[in-house]
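Listed here are the chains, written in short residue letters.
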Amino acid sequence: MADKELSFEQSLSRLDEIVRHLEKGDMPLSESLALYEEGTGLIKQCSKMLDDAEQKVAKLKKGPDREPIELPFEDEN
């Protein structure tokens, strides 16, 4: 499933599926490891998508000419 780029939502859904399979504990070790590897790849992909989305988020503020200006996203924590 790693061959094709999944959307964020598809990746989360697949991660949920992987977790359910791993929690059952009824698969051979080799299959569990393969699912674990797929899951870590999906987590990395989701993290990158979130980082990219965060960079696109901007605050709008009125500038001196009363026109909106874009400010970079700031973490509120």
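What counts, and where the lines are drawn
Residues numbered from 1 in each chain as written. Predicted model: local features only at pLDDT ≥ 70, side-chain atom pairs only at ≥ 80, totals over all residues. Heavy atoms only, no water. Helix = DSSP H or I, 4+ residues; strand = E, 2+ residues; numbered from the N terminus. Buried < 20%, exposed > 50% of the residue type's maximum accessible area, 1.4 Å probe, protein only. Contact = heavy atoms within 4.5 Å. Areas by Shrake-Rupley, 256 points an atom, 1.4 Å probe, with all protein chains shown as cover. Expected span 1.5 Å × (residues − 1). pLDDT = per-residue confidence, 0-100. Axes fitted to C-alpha atoms, helices over the stretch in contact; angles between N-to-C directions. Parallel < 35°, antiparallel > 145°, perpendicular 65-115°, else oblique. Left-handed = near helix turned anticlockwise from the far one by under 90°. Core = buried A, V, L, I, M, F, W, Y, C linked by side-chain atoms within 4.5 Å.

1. Some points on the overall build of the chain
No. 1: Assigned secondary structure in the chain consists of two helices and two strands.
No. 2: N-terminal to C-terminal, the α/β element order of the chain is α-α-β-β.
No. 3: When each of the 77 residues of the chain is scored for burial, the buried share is 18%.
No. 4: Partitioning the intrachain contacts of the chain with sequence separation of at least 6 by distance along the chain shows that 42% fall at a separation of at least 24.
No. 5: Carbon and sulfur atoms make up 53% of the accessible area of the chain, which amounts to about 6,600 Å² in all.

2. Brief notes about helix α1 (residues 8-24)
No. 1: In a regular helix each residue adds 1.5 Å, so 17 residues correspond to 24 Å; α1 covers 25 Å between its end C-alpha atoms and thus fits that length.
No. 2: Where α1 is buried, its residues touch α2 (29-56).
No. 3: Gly-25 lies just past α1 and shows a positive phi near 70°.

3. Quick word on the confidence of the model for the chain
No. 1: Confidence in the prediction for the chain averages 83 pLDDT; 75% of positions are at 70 or higher.
No. 2: Mean pLDDT in the chain bottoms out at strand β1 (residues 58-62), which sits at 54, and peaks at α1, which reaches 97.

4. Side note on the packing of α1 against α2
No. 1: In contact at an axis separation of 9 Å, α1 and α2 are set at 150° when each is read in the N-to-C sense. Considered as vectors, α1 and α2 are oriented roughly antiparallel to each other. Regarding α1 and α2, the two cross each other, and that crossing is left-handed. Note on element contacts: α2 touches α1 through Ser-32, Leu-35, Tyr-36, Glu-38, Gly-39, Leu-42, Ile-43, Gln-45, Cys-46, Met-49 and Leu-50, opposite Phe-8, Ser-11, Leu-12, Arg-14, Leu-15, Ile-18, His-21 and Leu-22.

5. A closer look at the nonpolar core
No. 1: Judged by nonpolar contacts, Leu-6, Leu-15, Ile-18, Met-27, Leu-35, Leu-42 and Cys-46 together constitute the single largest core of seven residues.
No. 2: Going through the elements one at a time, α1 and α2 are the ones with two or more residues in this core.
No. 3: Sort the elements by how many residues they give to this core and α2 lands first, with three residues.
No. 4: Excluding residues that lie within four positions of it along the chain, Met-27 makes contacts with His-21, Leu-22, Ser-32 and Leu-35.

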